[in-house]
Amino acid sequence: MYASSAETTLNSAEIVSFDVFDTLITRRVSSPRDVFELCAAGGASLANLDPDTFSDRRVRAERIAGQHAFRDGREEPTLTEIYQTLLNSEPDDPRVAALVKLEVSAEEKVIIPRLAGRTLFNAALAENKRIILVSDMYLSQDAVEYLLSRCGYDGWEKLYLSSELGLTKRTGSIFEALLAETGVEPARLFHIGDNPKGDKEVPARLGISCHPLPTAITTLEKTAPYLRKASTRIRSEGVGGGSAILSQVARQYFDSPASALSDSLSGNAEAFGYIALG
């Protein structure tokens, strides 16, 4: 029912735009930060850091690099700038390229297609809609396009990427650029994504028709409140605390927001066993 309502709306759109991460593709782990943990051993060695502190240092470097980018008139740092900040080095420091390669490789290992997003993407293709991708992401254009290709996505027209353009969904500037470049009326653009602000609140203010597609973990926590505490704990503990299992449970039972209409675990012994035993 949920996908059908979106498919009905996209029928009247001239362009359908999709968020990328957590909408068309997702991770086998429950948090993007878990990717940093997967890089910790190799990354700490390259950066001469304690592996236990690598994830925190990576998060802090992204925040600082973002502040530097903002001062330069850009709304998103690149991954190169993030690791340059972490190392306090120049961009041509060979360790920067090595760390970038390490993180992209870690993303490649955990990225998979998201079924709910793939269903809507295929529906747009079947209707011969112009498809545009819009993402707030520090990875490079080549890296994002490579991950999309590995997940079987093609047939889209253009990728509007914050790290390349210095514009973001969260401020609306990237949508404004999309509208200006395509010449489409806002009401004829149909956007699908998971972020309540960047994929719904902001584009809706611009007159864009929006279809929220919450992450599977968000839907799990909304549908099954008794799992929320466990979910929060597991995500805080990272890859060593059941992150991959939580992600798998969420994807198997809560990928579609239709799950939020009823408790899909109620009376479902298979689902309960899946969560209890993995």
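Scroll up a little and you will see the structure.
The text that follows walks through the structure, step by step, so that each part is easy to find. The structure displayed is predicted, hence computed values, not measured ones.

Cut-off values and rules
Each chain carries its own residue numbering, running from 1 in the direction its sequence is written. Confidence filtering applies because this is a predicted model: local features only for residues at pLDDT of at least 70, side-chain atom pairs given and counted only at 80 or more, and all residues used for totals across whole chains, interfaces and linings. To obtain the side-chain values, all non-hydrogen atoms of the structure were included, while hydrogens and water were left out. The buried label applies to any residue whose accessible area, calculated with a 1.4 Å probe on protein chains only, is under 20% of its type's maximum; exposed applies above 50%, and partly exposed to all values in between. Secondary structure elements are defined from DSSP: runs of H or I of at least 4 residues count as helices, runs of E of at least 2 residues count as strands, and each element is numbered from the N terminus. Within this analysis, the arc is defined by the directions that extend from the helix axis to the C-beta atoms. Put simply, a salt bridge is a Lys or Arg side-chain nitrogen that is within 4 Å of an Asp or Glu carboxyl oxygen. Grid spacing is 1 Å over the protein atoms alone, the probe is 1.4 Å, and a cavity is where that probe fits but cannot get out, while a pocket is an open set with protein on both sides within 12 Å along at least five of seven lines and lining residues have an atom within 4 Å of a point. Grid points are joined across faces, edges and corners, and a volume is the space filled by probe spheres set on the points. Fitting a line to C-alpha atoms yields each axis, with helices limited to the stretch in contact; the angle taken between N-to-C directions then spans 0 to 180 degrees. By definition in this entry, angles of less than 35 degrees are roughly parallel, angles greater than 145 are roughly antiparallel, angles of 65 to 115 are roughly perpendicular, and the rest are oblique. Working rule for handedness: look at the near helix, and if it is turned counterclockwise from the far one by less than a right angle, call the crossing left-handed; if clockwise, right-handed. Contacts were defined at the residue level, with two residues in contact if any of their heavy atoms lie within 4.5 Å. Under the scheme applied here, ten amino acids are nonpolar (Ala, Val, Leu, Ile, Met, Phe, Trp, Tyr, Cys and Pro), four are charged (Asp, Glu, Lys and Arg), and all others, including Gly, are polar. We call two strands paired when DSSP finds no fewer than two bridges between them.

In this structure, D22 takes a positive phi of about 75° despite not being glycine. Assessed through its relative accessible area of 23%, D22 is described here as partly exposed. With phi around 55°, N88 is a residue other than glycine that occupies positive phi space. On the accessibility criterion, N88 (74% relative accessible area) is exposed.

Within helix α5 (residues 79-87), burial applies to L79, I82, Y83, L86 and L87. Looking down the long axis of α5, one finds its buried residues gathered within 125° of arc, a one-sided arrangement. In the stretch just after α5, N88 is the one whose phi turns positive, near 55°.

Summed over all chains, the structure comprises 17 salt bridges. Note that E81 and R74 form a salt bridge whose closest N and O atoms lie 2.9 Å from each other. The partner of R170 in a salt bridge is E76, with the nearest N and O atoms 3.7 Å apart. Taken together, the residues R170 in the loop between α9 (162-165) and α10 (173-182) and E76 in the loop between α4 (54-71) and α5 connect sequence positions 94 residues apart. Owing to a relative accessible area of 6%, E76 belongs among the buried residues under this scheme. Ionic contacts of the salt-bridge type, sharing partners, join the residues E14, R130 and E157 into one network.

Roughly 430 Å³ of internal volume is contained in the largest pocket. Lining the largest pocket are 19 residues, with F21, D22, D136, M137 and N195 sitting closest to its centre. Secondary-structure elements contributing two or more residues to the lining of the largest pocket are α2 (32-38), α4 and α11 (197-205). The element that contributes the greatest number of residues to the lining of the largest pocket is α2, accounting for 3 residues.

This part is about the packing of α5 against helix α6 (residues 94-110). How two helices sit against one another is set out by the angle between their axes and by the gap between those axes. Where α5 meets α6, the axes come as close as 9 Å, and the angle between the chain directions of the two elements is 125°. Here α5 is positioned oblique relative to α6, judged by the angle of their axes. Every pair of crossing elements has a handedness; the one defined by α5 and α6 is right-handed. Here L79, T80, Y83, Q84 and L87 of α5 lie close against α6, whose contacting residues are R95, V96, L99, V100, E103 and V104. Residue composition of the contact of α5 with α6, by class: 7 nonpolar, 2 polar and 2 charged.

With that settled, the discussion passes to the sheet that holds strand β5 (residues 158-161). Read across the open sheet, the 5 strands follow the order β5-β4-β1-β6-β7; overall the sheet is parallel. In the strand order of this sheet, the two ends are held by β5 and β7 (209-212), each with one partner. Strand-to-strand twist in this sheet, taken as the mean axis angle between neighbours without regard to direction, amounts to 20°. Docked against the sheet, helix α8 (residues 141-150) engages β4 (130-135) and β5, running at close to 130° with respect to β5.

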